[in-house]
Amino acid sequence: MKLGRIAVVTDTGRRRLGNEDAYVWRPPLFAIADGMGGAKAGEIAAGIAADTLEGADSRPLDADDLATLISEANVRIWERSLNDPATAGMGTTFTVALVDEEAGAVVFGHVGDSRAYRVRDGVLEQITTDHSLVAELVESGVLTPEEAERHPQRSAITRALGTEPEVEPDVFTIEVAPGDLFLLCSDGLSDMLTEDQIAAAIERTDGDPTAAGEELVRKANAEGGDDNITVLLFEIVEGEPVPLADEARQTAAPETDGAGAGEAPLAEAPEAEPVEKLRKHGAGPGGRIAAILFLLAVLVVAALVLYWGIAR
Ligand code: MG
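I will try to describe carefully the structure that is included in this document. What you are looking at is a predicted structure, and each value in this text was computed from that prediction instead of being measured.

This next bit is on the overall build of the protein chain. Scanning the protein chain for helices and strands turns up eight helices and 14 strands. Out of the 312 residues in the protein chain, the part that is buried amounts to 47%. Across the protein chain, every contact between residues at least 6 apart in sequence was considered, and the portion connecting residues at least 24 apart equals 71%. Accessible area of the protein chain: about 14,900 Å², with a carbon and sulfur share of 54%.

Attention now moves to the coordination of the magnesium ion. Summarising the metal site, the magnesium ion is bound by the protein donors Asp34 (OD), Asp187 (OD) and Asp227 (OD), whose distances to it range over 2.1 to 2.2 Å. Each donor residue of the magnesium ion belongs to the same chain, and together they define the spacing D-x152-D-x39-D. Remark: Asp187 occurs in helix α5 (residues 187-190) and Asp34 occurs in strand β3 (residues 29-36); sequence separation between them is 153 residues. Owing to a relative accessible area of 9%, Asp34 belongs among the buried residues under this scheme.

All right, on to unusual backbone geometry then. Apart from glycine, the bulk of residues carry a negative phi angle, and the bulk of peptide bonds sit in the trans form. Put simply, Pro27 and Pro28 share a cis peptide bond, and its omega is 10°. Position of Pro28 relative to the elements: it lies in the loop between β2 (21-26) and β3. One non-glycine residue, Asp121, lies in the positive phi region at around 50°. In this structure, Asp121 sits in the loop between β7 (115-120) and β8 (123-126). A residue is classified by how much of its surface remains accessible, and Asp121, at 74% relative accessible area, is exposed. Positive phi outside glycine occurs at Asp206, with the angle close to 60°.

One pass over the full model with this rule turns up 15 salt bridges. We note a salt bridge from Asp227 to Arg16, for which the minimum N-O separation is 3.3 Å. On the criterion of sequence distance, the pair formed by Asp227 in the loop between α7 (209-222) and β11 (229-237) and Arg16 in the loop between β1 (2-11) and β2 is long-range, its members being 211 residues apart. Residue classification places Asp227 among the buried positions, given a relative accessible area of 12%. Judged by relative accessible area, which is 39%, Arg16 ranks as partly exposed. The residue Asp84 makes a salt bridge to Arg80 at a minimum N-O spacing of 3.3 Å. Taking the relative accessible area as the measure of exposure, Arg80 reaches 34% and is therefore partly exposed.

Turning next to helix α1 (residues 41-54). Here α1 is 14 residues long and its end C-alpha atoms lie 20 Å apart, about the 20 Å a rise of 1.5 Å per residue gives. Where burial is concerned, most of α1 is hidden: 10 out of the 14 residues are buried. Buried residues along α1 sit in contact with β2, β3, α2 (63-83), β4 (91-92) and β5 (94-100).

For the rest of this paragraph, the subject is the nonpolar core. Within the largest apolar cluster, 27 residues are counted, with the highest numbers of intra-cluster contacts made by Leu29, Leu53, Ile70, Ile77, Phe94, Val96 and Leu161. Among the elements that line this core, the one with the most residues is α1, at seven residues. Those residues in contact with Ile70 that lie beyond four places of it in its chain are Phe94, Val96, Gly109, His110, Val111, Leu161, Val167 and Pro169.

This next bit is on the pairing of β1. Moving residue by residue along a regular strand, the side chains alternate between the two faces of the sheet. Counted residue by residue, β1 has nine buried out of 10 residues, so it is predominantly covered. Direction of pairing for β1 relative to β11: antiparallel, over a ladder of eight bridges. Each bridged residue has a counterpart across the sheet, and for Ile6 the counterpart in β11 is Phe234.

Conventions used here
In this numbering scheme, every chain counts its residues from 1 along its sequence in written order. Reporting in this predicted model follows two pLDDT cut-offs: at least 70 for local features of residues, and 80 or more for side-chain atom pairs to be given and counted; totals over whole chains, interfaces and linings ignore these cut-offs and use all residues. Each side-chain value is worked out from all heavy atoms of the structure, with water and hydrogens disregarded. We count a stretch as a helix when DSSP gives it H or I for four or more residues in a row; a strand needs E for two or more, and each element gets its number in order from the N terminus. Under the scheme applied here, a residue whose accessible area is under 20% of the maximum for its type counts as buried, over 50% as exposed, and between as partly exposed, the area being computed with a 1.4 Å probe on protein chains only. Should any heavy atoms of two residues lie within 4.5 Å, those residues are considered in contact. Surface accessibility follows the Shrake-Rupley procedure with a 1.4 Å probe radius. Residue values consider only the protein chains on display as shielding. In this analysis a donor is any N, O or S atom within 2.8 Å of a metal ion (3.2 Å for sodium, potassium and calcium), and since water is not included, sites may seem incomplete. By convention in these notes, a salt bridge is any Lys or Arg side-chain nitrogen within 4 Å of a carboxyl oxygen on Asp or Glu. A helix is expected to span 1.5 Å for every residue after the first. The set of buried Ala, Val, Leu, Ile, Met, Phe, Trp, Tyr and Cys residues whose side-chain atoms join them within 4.5 Å is what this entry labels a nonpolar core. Strands are labelled as partners when DSSP assigns at least two bridges between them.

Purely geometric numbers; function is a separate question.
And the structure:
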């Protein structure tokens, strides 16, 4: 089996001014980072995490490499925050997926409350465990999963990259089957939509990664768009793995708007056209400010016309 179609969509949402999510698009390696911290700190933390993966060797990686890279990213963010007071306390989630086509498996590395889901035979299943307060309260029976979904503290995470000198990521491997679709997402998706809504959006789009990604972001914005939304989807299909070093797989890096990790070479099976979608939400705060300025200009012109009329 091998990697099939892949897609990523990142969106500022409807409430935030900037996008502090980052992602890594370096097939067969993918990741999502959701930064936290004041001013630009969250963006910096997420960016360092993504850059660390982008800078990894191009030789085939394994689970141990993934754990090492996550620790390395942790140290880089931690040290930056010590040396740069403006970024003190910054951190990020990090959910990494490494597709091992030869082994028919995906290795995951995970810290925080971004999520990985698998869709198999139409059934959506969360395969990462949130490192969050509410997840721990559900685990210990204090909250029901339904209460956790609406809990005001649901964004509080108990493990993050860069907030301590060391971090313990969850690293695990799962077997895959042709037809599996994987979704990595930031909490801007999973806080806005229930699992039933996520599953329904994927089903409506027939599991097409690009269409599903756009539909998920559209739905999350329709439900309020309270946070930055990033979704990255990849499917596993029947077929022979293409050697990593095969030049034919190399195509231009997807265009980014600075939210993603950027300059990664994009490798993809030739028959499966990779699609990259990035967009900002059009009716965000920027749009509203423009509308208010326009209204003010109209009022000023009306007042001047009125004044000119009276003065005559
Ligand atoms: Mg978030």
